[in-house]
Amino acid sequence: MTIQRRAVLAATLVAAAIAHPSAFAQKKIVLGFAQVGAESAWRTANTESIKSAAKDAGIELKFSDAQQKQENQIKAIRSFIAQKVDVIGLSPVVESGWDTVLQEAKAAHIPVILTDRAVDSKDTSLYVTFMGSDFIEEGKRAGRWLEEFEKGKPGPINIVELQGTVGSAPAIDRKKGFADVIGGDPRMKIIRSQTGDFTLAKGKEVMEAFLKAEGKNINVLYAHNDDMALGAIQAIEEAGLKPGVDITIISIDGTKGAFEAMAAGKQNVVVECNPLLGPQLMSAAKDVVAGKTLPKRILTNETVYTQSQAVAALPSRKY
Ligand code: GYE
């Protein structure tokens, strides 16, 4: 090409860009996100993190709240496919029953990123990556803390368990991890175990039933999340007992409510589960659209907080 022809071409392109700026601007990534619901403080923090990270990353977010119902999440995914979004983010309420809709996304060439909770699909090509916590490890951390706390004390140690949503990855795994650790200790016994659906109201209701049935027999409460523990603390106080003293309280998440309960001596320990997954999700969405390969599993870093550590960390707690 001659210098003159190049100059003409460049001038033509500049003129076209001025006439039609949108055609030359980089296309905004559209992310459809199928959220579980708004069942807990963890979930609220997770949703806020996703919304604000999308804004910061310049990603257009189509957000759907499924109110803890799988059928609503499946509907949301189908509508994202119909709208031809670039990427789908999914936090699956339960583990099973996703193959059909994930195959539909795959057939439409829309990549799916799993966040927070896992699916049990055998075909791992149905999603590009799964980012979130190791729930079995969280359950084990709860169990290990209890073993340490009860070291040298005589049994029996009667435990009641408030499980998360039936069929959800965190409920299944947190139950298993905890049982794996305490199972070898003949003093430890789970005397009651029931779902509280990860909500404060149900946690309170089920704890009331446990207290009615067991009276002063209960030594420990293991709750799969903070909200259920906070509901249970109310039930324990209403029954005239001292939470954190008469009944040892263990829960998972590490939200402000649990930290405050620990600072007040009403809860003994919390195993952290980080909900601030938004920035990680946005960078994964960008990578996927850019054609990069992601690791199949992205793990979140977490820790355990005791009462004194909670007091120190409370002022800077973000959720
Ligand atoms: O622990 C609980 C929420 O999936 C890790 O869901 C999440 C769990 C979290 O309702 O509070």
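Quick caveat, the model's predicted, so the values are computed rather than measured.

Section: the site of the ligand
Thinking step 1. Around the ligand, the structure places 13 residues, and the nearest of them are Glu39, Asp116, Arg117, Arg174 and Asp253.
Thinking step 2. At 3.0 Å from an oxygen atom of the ligand is found a side-chain nitrogen or oxygen belonging to Ser40.
Thinking step 3. Within the side chain of Arg43, a nitrogen or oxygen atom sits 3.0 Å from an oxygen atom of the ligand.
Thinking step 4. Protein contact buries 100% of the 300 Å² of open area that the ligand shows by itself.
Thinking step 5. Each of domain 1 (28–133 + 275–300) and domain 2 (135–273) contributes no fewer than three residues to the shell around the ligand.

Here we look at the sheet that holds strand E9 (residues 248–253)
Thinking step 1. Taken in spatial order, the six strands line up as E7-E6-E8-E9-E10-E12 in an open sheet, and their pairing is mixed. Bordering the open sheet on either side are strand E7 (188–195) and strand E12 (304–306), each of which pairs with just one other strand. When the angles between neighbouring strand axes are averaged without regard to direction, this sheet yields 20 degrees.
Thinking step 2. Here E9 pairs with strand E10 (residues 269–272) via four bridges, running parallel. Along E10, the bridge assignment pairs Ile252 with Val271.

Overview of the sheet that holds strand E3 (residues 87–90)
Two orientations exist for strands paired in a sheet by backbone hydrogen bonds: parallel and antiparallel.
Thinking step 1. Taken together, six strands build an open sheet; the order of strands is E2-E1-E3-E4-E5-E11 and the sheet is parallel. Pairing within the sheet leaves two strands with one partner each, and these edge strands are strand E2 (60–65) and strand E11 (297–299). Across the sheet, the axes of successive neighbouring strands diverge by a mean angle of 20 degrees, strand direction being ignored.
Thinking step 2. Taken together, the six bridges between strand E1 (residues 30–35) and E2 define a ladder with parallel strand orientation. Across the sheet, Phe33 pairs through a bridge with Phe63, a residue of E2.
Thinking step 3. Lying over the sheet, helix H11 (residues 278–289) contacts E1, E3, strand E4 (112–115), strand E5 (129–132) and E11, oriented at roughly 160 degrees with respect to E4.

Topic: the nonpolar core
Thinking step 1. Ranked by size, the top nonpolar core spans 25 residues in total, and within it Ile77, Ile88, Leu90, Trp98, Val112 and Leu114 carry the most contacts.
Thinking step 2. When residues of this core are traced back to their parent elements, those giving at least two are E1, helix H4 (70–82), E3, helix H5 (99–107) and E4.
Thinking step 3. The element that contributes the greatest number of residues to this core is H4, accounting for five residues.
Thinking step 4. Aside from chain neighbours lying at most four places away, what touches Trp98 is Gln70, Gln73, Ile74, Ile77, Leu90, Pro92, Val93, Val119 and Ser121.
Thinking step 5. Counting 20 residues, the second largest nonpolar core, distinct from the first, contains Val206, Ala223, Ile236 and Ala261.

Focus: the side chain of Asn158
Thinking step 1. When you line up the elements, Asn158 lands in strand E6 (residues 157–163).
Thinking step 2. Using a relative accessible area of 10% as the deciding quantity, one classes Asn158 as buried.
Thinking step 3. In terms of polar contacts, Asn158 uses its side chain to reach the backbone carbonyl oxygen of Asn217, at 3.1 Å.
Thinking step 4. Ignoring anything within four residues of it in the chain, the contact list for Asn158 reads Lys189, Ile191, Asn217, Ile218, Asn219 and Val220.

Rules and cut-offs
- Along every chain, residues carry numbers that run from 1 in the direction the sequence is written.
- The predicted origin of the model limits local features to residues at a pLDDT of at least 70 and limits the giving and counting of side-chain atom pairs to 80 or more, whereas totals for whole chains, interfaces and linings rest on all residues.
- Hydrogens and water molecules were not included; the side-chain quantities draw on all heavy atoms of the structure.
- Neighbouring residues are identified by heavy atoms, a residue being near a molecule or strand if any of them is within 4 Å of it.
- Here a polar contact means two N or O atoms within 3.5 Å. Within protein one must be a hydrogen donor candidate and the other an acceptor candidate, and residues neighboring in sequence count only if both atoms are side-chain atoms.
- Under the convention used here, a 1.4 Å probe and the Shrake-Rupley method define accessible areas, while residue burial counts only the protein chains that appear.
- Domain ranges listed in this record stem from an automatic or a database domain assignment.
- Here, strands pair whenever DSSP counts at least two bridges between them.
- Counting from the N terminus, the helices are DSSP H or I runs at least four residues long and the strands are E runs at least two residues long.
- Geometry is summarised by axes, namely lines fitted to C-alpha atoms with helices restricted to the contacting stretch, and by angles between N-to-C directions that run from 0 to 180 degrees.
- Residues are treated as being in contact if the distance between any of their heavy atoms lies within 4.5 Å.
- Working definition of a nonpolar core: buried Ala, Val, Leu, Ile, Met, Phe, Trp, Tyr and Cys residues. They are joined through side-chain atoms within 4.5 Å.
- Partly exposed describes any residue whose relative accessible area lies between the buried limit of under 20% and the exposed limit of over 50%, with all areas from a 1.4 Å probe on protein chains only and scaled to the type maximum.

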